[in-house]
Amino acid sequence: MITRRSALSGLVALPLVPSVLGERLIPWEIRLIVAARSQIGITRSYDPAYVSLAYPNGDVPRERGVCTDVVVRAYRDAFAFDLQSAVHDDMAAAFNAYPKIWGLTRPDRNIDHRRVPNLETYFRRQETEEAVPAALSEWQAGDLYTMRLNGRLPHIGIVSDKVTPMGHRYVIHNIGAGTAEDDILGLFDDERRFRFEPPIL
């Protein structure tokens, strides 16, 4: 006969599972997407102004930002992984590997991680660039999607786990009106794909 005391003793004997372990059981791609999607309705405007930021983990107020801020915030919120310091450290070690579009002579931790070509370079240097899929339906949840708007303006977003009626995935990004989840795959020039699984802390 199982008594209340023996049942409680059995429960006490069970190993305790930290909540962080529970989080790690969720695929990293889903954690990234959930963190990006949580910005919808919070970040409501697009603001590319140069701002002096705290370091590390510096950010502009969450009600505004640019496309890169969606990605930076998602990696911080999902994994406590700080692209600001990661990009800054890599640029300090290999400055010549990064684009010289802005005429900088040294890294600038306030802005470097907020520029798409720098993020592309960082992800490429981490050996995470993937071939662009032949079919739109082959993009995967958690992919990082970059492109050039009107052939010249760099843009980045996170490929969603939600699928359009046409059978391909949405992208979570900020292209001008705040963070949103839109059907944009295949619509722009020079599309690129990265798949960056951060170190699990």
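Residues numbered from 1 in each chain as written. Predicted model: local features only at pLDDT ≥ 70, side-chain atom pairs only at ≥ 80, totals over all residues. Heavy atoms only, no water.

What to know about the confidence of the model for the protein chain
Part 1 of the reasoning: Averaged over all residues, the pLDDT of the protein chain is 90; the fraction at 70 or higher stands at 87%.
Part 2 of the reasoning: Considering only residues more than four positions removed or in separate chains, one finds that residues 1-21, a stretch of pLDDT under 50, has one contact. (pLDDT = per-residue confidence, 0-100. Contact = heavy atoms within 4.5 Å.)

Brief notes about the side chain of S160
Part 1 of the reasoning: As for its position among the elements, S160 is in strand β3 (residues 153-163).
Part 2 of the reasoning: Engagement of the side chain of S160 in a polar contact is seen with the backbone nitrogen of K162, the distance being 2.9 Å.
Part 3 of the reasoning: Residues in contact with S160, not counting those within four places in the same chain, are I33, R37, A141, R169, Y170, V171, I172 and E181. (Helix = DSSP H or I, 4+ residues; strand = E, 2+ residues; numbered from the N terminus. Polar contact = N/O pair within 3.5 Å; in protein donor to acceptor, adjacent residues only side chain to side chain.)

Quick notes on the packing of helix α3 (residues 28-37) against helix α4 (residues 67-79)
Part 1 of the reasoning: Remark: α3 packs on α4, axes separated minimally by 8 Å, with the N-to-C direction vectors making an angle of 120°. As summarised for this structure, α3 and α4 are arranged oblique, according to the angle between their axes. You can see that α3 and α4 cross each other, and the crossing is right-handed. For the pair α3 and α4, the contacting residues are W28, R31, L32, A35 and A36 in the first and V70, A74, Y75, D77, A78 and F79 in the second.
Part 2 of the reasoning: Across the contact of α3 with α4, the residue classes break down as nine nonpolar, no polar and two charged. (Axes fitted to C-alpha atoms, helices over the stretch in contact; angles between N-to-C directions. Parallel < 35°, antiparallel > 145°, perpendicular 65-115°, else oblique. Left-handed = near helix turned anticlockwise from the far one by under 90°. Nonpolar A, V, L, I, M, F, W, Y, C, P; charged D, E, K, R; others polar.)

Re the pairing of strand β2 (residues 144-149)
Side-chain direction in a regular strand flips from residue to residue, so the side chains alternate between the two faces of the sheet.
Part 1 of the reasoning: β2 sits mainly inside the fold: five of its six residues count as buried.
Part 2 of the reasoning: Alignment of β2 against β3, held across six bridges, turns out to be antiparallel. Across the sheet, residue L144 finds its bridge partner in β3, namely I158.
Part 3 of the reasoning: Taking the residues between adjacent antiparallel strands as the criterion, β2 and β3 are bridged by three residues, where N150 takes a positive phi near 55°. (Buried < 20%, exposed > 50% of the residue type's maximum accessible area, 1.4 Å probe, protein only. Pairing = 2+ DSSP bridges.)

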